[in-house]
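Each chain is listed here by its residues.
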Amino acid sequence: MTRDLTIAEVRLTPILVADAPLLNTQGVHQPYTPRLIVEIVTADGITGVGETYGDTKYLEPARALAERLTGRSVMDVNGLFGIDLAVDASRVEGRTDAGGLRGVQSAGKLRLSVLSAFEVACLDAQGRALGLPVHALLGGKVRDAVEYSAYLFYKWAAHPAGVPAEPDEWGAALDPAGVVEQARRLRQRHGFGSFKLKGGVFPPDEEIAAVRALAEAFPGHPLRLDPNGAWSVATSLKVAKELGDVLEYLEDPTLGTPAMAEVSAATDVPLATNMCVTTFGEIKEAFTRDAVQVVLSDHHYWGGLRNTQRLAAVCAAFGVGVSMHSNTHLGISLAAMTQVAATVPGLHHACDSHYPWQPEDVLTERAVFVDGRVAVSDAPGLGVELDRDELARLHRRWAEDDGWLRDRDDAAAMRTAEPHWRTPVMPRW
Ligand code: GKR
Ligand code: MG
């Protein structure tokens, strides 16, 4: 049967999804996080879906892009990336991401973060039209399941008093015992075999103690610590020395390629990053200086699933490992991550995912982790279906918000509990 794969309609739905009071070096997660759901509908009624950041700075260019897509083909993904998409550079250039901790912002990265959701939606639509999973469109899967690690966070028992939020079922984790208990529960529920602790929250000695406690509770399981660049070179080396025997890798201990290269030269503990290598332009310096041994890709800001494969190929050529970074996300993004991860040879580290922290989703069926792994769907496209009632409910929440939740700001969220909080000057320790 001949299909008409011309784009007839693009629907953008900004939503707010419940989030837990997870702590990081910049502050705390807000009770709701913005995401954007992209739907691309073809002339013969096939709908492909994508998901990306929903903050206003992404939403505005997404709207401009959506207006220009009608009449193009969902097959023309190269053409999609050629569209001259204006983004307001003054809002991002040179700043570090307020809530995202994903390296220096730039207009280019913002553009790619928007395009990636449209690329995923096009691939989903192609797959549905052809009766093929997205991984087949990317060359085929090399594994049947993708391993994820438990993403541990220091957290409060609840969002600050007076701040409207959904009930929290996890309780506080503010010391080694709390972190180990959180790890046990995540492992019990999802079977995770490796653990990553988000650090940069407490003085390094306390975080070292938490990782030691994890090593005792889960002997032989891979462990990582990620302070999002909160430490000096000297502190990074002290932590590497004290935890070298139990760490799979240390993630972004310090900020910037030169400082990471200094740490890397003085320790055998591998360094991973989602902060100093976040664009193709940043690769050359980091790899030639041997600043990092593992790059954590993120299909949102790297510009989609095909760019993720390209990044993996470059990493392989330099003998640098590759795995996956995550930020607060829902099931469409998890499906996209799983489909592309399934196609990447030499994926030697479990990927990150915030998904277990998200009690809500816009899918009719939540993704399931079995033994810490997500099975690679062979259903057409991404293999997910939108729950339209949930989508509408989460969109209403966005529409009714008076504005402050529409743009993620972990430092502002922290100020509701600690009015004098400012984004810390790095390095903090
Ligand atoms: O969700 O608080 C968080 C994380 O700190 C996130 O913003 C980071 O981008 O997960 C990320 C990381 O690995 O750096
Ligand atoms: Mg990180």
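The name recorded for the chain in an unreviewed UniProt entry is glucarate dehydratase, from Streptomyces echinatus. In UniProt, the chain has this text filed under Pathway (unreviewed entry): "Carbohydrate acid metabolism; D-glucarate degradation; 2,5-dioxopentanoate from D-glucarate: step 1/2."

Asks: Please set out the domain arrangement of the chain residue by residue, giving values where relevant.
Replies: Under the domain assignment, the chain is made up of domain 1 (7-135 + 387-401) and domain 2 (139-375). When each unit is reduced to the centre of its C-alpha atoms, the spacing between domain 1 and domain 2 is 22 Å. Taken residue by residue, the interface counts 39 residues in domain 1 and 50 residues in domain 2. Those elements that provide at least two residues to the side of domain 1 that touches domain 2 are β1 (7-18), β2 (23-24), β4 (32-42), β5 (47-53), α3 (107-130), α4 (134-137) and α13 (388-400). Sort the elements by how many residues they give to the side of domain 1 that touches domain 2 and α3 lands first, with 9 residues.

Asks: Help me get a handle on unusual backbone geometry, residues and values and all.
Replies: In the segment running from Met-426 into Pro-427, the intervening peptide bond is cis, with an omega of -5°. Here Pro-427 lies in the segment after α14 (410-415). Of note in the backbone geometry, Asn-228 takes a positive phi value of approximately 50° without being a glycine. The backbone phi angle of Asp-290 is positive, close to 55°, even though this residue is not glycine. Tracing the backbone shows Asp-290 in the loop between α9 (283-288) and β12 (294-297).

Asks: Quick rundown of the UniProt feature "active site" (unreviewed entry) in the chain? Include the residues and the values.
Replies: The sites that carry the UniProt feature "active site" (unreviewed entry) are, in the present numbering, Lys-198 and His-325. With the annotated positions falling across 128 residues, the maximum pairwise C-alpha distance of 12.2 Å places them together in a single cluster. With respect to the secondary-structure elements, Lys-198 resides in strand β8 (residues 195-198). Residue Lys-198 is classed as buried on the basis of its C-beta count, with 24 C-beta atoms lying within 10 Å. Those residues in contact with Lys-198 that sit more than four places away from it in its chain are Asn-24, Leu-152, Phe-153, Tyr-154 and Asp-226.

Asks: I'd like a description of helix α8 (residues 257-265), backed by residues and values.
Replies: Residues of α8 that are buried include every one of Thr-257, Ala-259, Met-260, Ala-261, Val-263 and Ser-264, and no others. The secondary structure elements touched by the buried residues of α8 are α7 (233-243), β11 (271-273) and α9.

Asks: Quick one: what's the story with the pairing of strand β7 (residues 150-153), residue by residue and with numbers?
Replies: Every second residue of β7 is oriented toward a common face, with Ala-150 and Leu-152 on one face and Tyr-151 and Phe-153 on the other, all of them buried. Two elements, β7 and β8, share 4 bridges in a ladder whose sense is parallel. Bridging across to β8, Tyr-151 finds its partner in Lys-196. Between β7 and its parallel partner β8, the chain crosses via helix α5 (residues 176-190), and the hand of that crossover is right-handed.

Asks: Any details on the packing of helix α1 (residues 56-67) against α3? Residues and values, ideally.
Replies: The geometry of α1 relative to α3 is characterised by a closest axis approach of 9 Å and an angle of 55° between their N-to-C directions. Between α1 and α3, the crossing angle belongs to the class labelled oblique. In the packing of α1 onto α3, the handedness of the crossing is right-handed. Contact with α1, carried on its side by Lys-57, Tyr-58, Pro-61, Ala-62 and Leu-65, involves Leu-110, Arg-111, Ser-113, Val-114 and Phe-118 of α3 and no other residues of that element. Class assignment of the residues belonging to the contact of α1 with α3 gives a composition of 7 nonpolar, 1 polar and 2 charged.

Asks: Can you explain the sheet that holds β8? Please cite residues and give values.
Replies: Strand order in the open sheet formed by 7 strands is β7-β8-β9-β10-β11-β12-β13, and the pairing between neighbours is parallel. Both outer strands of the open sheet, β7 and β13 (321-324), are each paired with one neighbouring strand and no more. In this sheet, adjacent strand axes meet at a mean angle of 25° when their direction is disregarded. Of the pairings in the sheet, the one linking β12 to β13 comprises 4 bridges and is parallel in character. Considered in β13, the bridge of Leu-296 is made with Ser-323.

Asks: Would you mind going over the UniProt feature "domain: Mandelate racemase/muconate lactonizing enzyme C-terminal" (unreviewed entry) in the chain in detail, with residue names and values included?
Replies: In the numbering used here, UniProt assigns the feature "domain: Mandelate racemase/muconate lactonizing enzyme C-terminal" (unreviewed entry) to residues 176-270. Helix makes up 52% of residues 176-270 and strand 14%, and the two end C-alpha atoms of the span are 23 Å apart.

Basis of the calculations
- Residues numbered from 1 in each chain as written.
- Chains lettered and ligands numbered in written order.
- Predicted model: local features only at pLDDT ≥ 70, side-chain atom pairs only at ≥ 80, totals over all residues.
- UniProt positions renumbered as here; feature names shortened; annotations may be inferred.
- Domains from an automatic or database assignment.
- Contact = placed C-beta atoms within 7 Å.
- Helix = DSSP H or I, 4+ residues; strand = E, 2+ residues; numbered from the N terminus.
- Buried ≥ 20, exposed ≤ 12 C-beta atoms within 10 Å, placed from the backbone.
- Pairing = 2+ DSSP bridges.
- Right-handed = clockwise from strand over helix to strand, strands pointing away.
- Axes fitted to C-alpha atoms, helices over the stretch in contact; angles between N-to-C directions.
- Parallel < 35°, antiparallel > 145°, perpendicular 65-115°, else oblique.
- Left-handed = near helix turned anticlockwise from the far one by under 90°.
- Nonpolar A, V, L, I, M, F, W, Y, C, P; charged D, E, K, R; others polar.

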